[in-house]
2 protein chains.
Amino acid sequence: MSKAGILFVISGPSGGGKGTVVKRFRELVPDIGFSVSATTRAPRDGEEDGKDYYFVSREEFLRMIECGEMLEYNEFCGNLYGTPKKEADRAREAGVDLILEIESNGAFNVKKNYPDAVLIMLIPESMKELEERLRSRASEPEDVIVRRLATAEHEVRLAPRYDYIVVNEKDKIDECAEELVGILTAEHKKSGRMNDAVNNFLNNR
Amino acid sequence: MSKAGILFVISGPSGGGKGTVVKRFRELVPDIGFSVSATTRAPRDGEEDGKDYYFVSREEFLRMIECGEMLEYNEFCGNLYGTPKKEADRAREAGVDLILEIESNGAFNVKKNYPDAVLIMLIPESMKELEERLRSRASEPEDVIVRRLATAEHEVRLAPRYDYIVVNEKDKIDECAEELVGILTAEHKKSGRMNDAVNNFLNNR
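Presented here is a report on the structure given in the accompanying data block. Remember, it's a predicted structure, so these values are computed and weren't measured experimentally. (Residues numbered from 1 in each chain as written. Chains lettered and ligands numbered in written order. Predicted model: local features only at pLDDT ≥ 70, side-chain atom pairs only at ≥ 80, totals over all residues. Heavy atoms only, no water.)

What about the pairing of strand β7 (residues 118-123) of chain B?
Residue and element names in this part refer to chain B.
- In terms of burial, β7 is a largely internal element, 6 of the 6 residues being buried.
- Every second residue of β7 is oriented toward a common face, with V118, I120 and L122 on one face and L119, M121 and I123 on the other, all of them buried.
- Strand direction decides the pairing type here: strand β1 (residues 7-11) and β7, joined by 4 bridges, are parallel. Pairing of I10 across the sheet is with I120, part of β7. (Buried < 20%, exposed > 50% of the residue type's maximum accessible area, 1.4 Å probe, protein only. Helix = DSSP H or I, 4+ residues; strand = E, 2+ residues; numbered from the N terminus. Pairing = 2+ DSSP bridges.)

A closer look at the side chain of S104(A)
Residues and elements named next belong to chain A.
- Along the polypeptide, S104 turns up in helix α4 (residues 104-113).
- Classification of S104 as buried rests on a relative accessible area of 6%.
- What S104 contacts, discounting residues up to four positions off in sequence, is S11, E155, L158 and Y162. (Contact = heavy atoms within 4.5 Å.)

Remarks on the packing of aromatic side chains
- Scanning all chains against the criterion turns up 10 aromatic pairs over all chains.
- With a centroid separation of 5.8 Å and 55 degrees between ring planes, the pair formed by Y53(A) and F55(A) is classed as tilted.
- Residue classification places F55(A) among the buried positions, given a relative accessible area of 18%.
- Here the aromatic rings of F61(B) and Y73(B) are separated by 6.4 Å at their centres, their planes lie at 75 degrees, and the arrangement is edge-to-face. Of the two residues, F61(B) is situated in helix α2 (residues 58-66) and Y73(B) in strand β4 (residues 70-76); the sequence distance between them amounts to 12 residues.
- Over the face of the ring belonging to F108(A) we find R161(A), whose NZ or CZ atom lies 3.7 Å from the ring centre. (Phe/Tyr/Trp six-rings, centres within 6.5 Å; stacked < 30°, edge-to-face > 60°. Lys NZ or Arg CZ within 6 Å of the ring centre and 35° of its normal.)

Written out as structure tokens, the structure reads:
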């Protein structure tokens, strides 16, 4: 089989529960690939280079961005984090699906590099629900919460640029993860990805 | 919710096990709609007009075809069978999904009338497997079997015109039906069909 792996990109408002849903999804699809991210932050105890992260200097990270070697990246608390393009290429060539949990600019950048990547936006039921989640989980200052909500609204207005929208209803993580599994199944069955099966049908007589 | 129901069209070579898979699929998705077909054959004992079939005269059936009232139709053993367009409209307007199990010309005709219909071709693993199924199930004359195989090959070569290809592996009816469920789930989550959810998110704050 010379089937390319699918890049499965999960994005959506911060605080919307992406991490929990993706964790459950990984339990349901244990053979989905991991991508090792690159980061400029220092390794923590027990972390291995090339396994947990590729630990690189800020100069090297910026060089990778400039040379187009970084599929997407983000700055968080003064450190850069990103997905090296070679990680995606390696998985695709091995026919392994890869799930990436990234913010929307990163998602669109992945789609630009790999037009057959599948972009999924995970949203809570409502802005109200998102606000409740943000307020309940942390001791973030009011202005941070207000900024997060404004960003969320902006992101969700980009919905038409995504392939799929999945609503992460409160206390329905399993249903949500199963919907993601359904999408992955369907994407594999798209006629453009089923040439091997069609040829197999026609050639075995 | 003003969501239109999805027309879910299952097609593929005769003898490929469509009927069995669709039956299992219906068990998994019990609220999927039924479409009442029109036919020119005489009612059998206990069959009700408008419930089991719309029983119409050949003249009326031909008039419906000419007036574009028939979504797809077929002749079988001298009788005409078809799906009235109003059946599909009724289900779509009610937001009910509808599954149609029809041959490929009918499938393409549905797509022409409803570009957002979802066309799925169900194929056995191989021509060899299809031949074995055809030979095992019936006492059909050799020339009928040969013709069925030639038709199957022709149909499967039309694979790129379908949205999805699903392989109906021997003794794996459940897996196959579950793949169809995955496709239906995914189709409902396509961003173009999720406007209500997006507006609901943005407007509830």
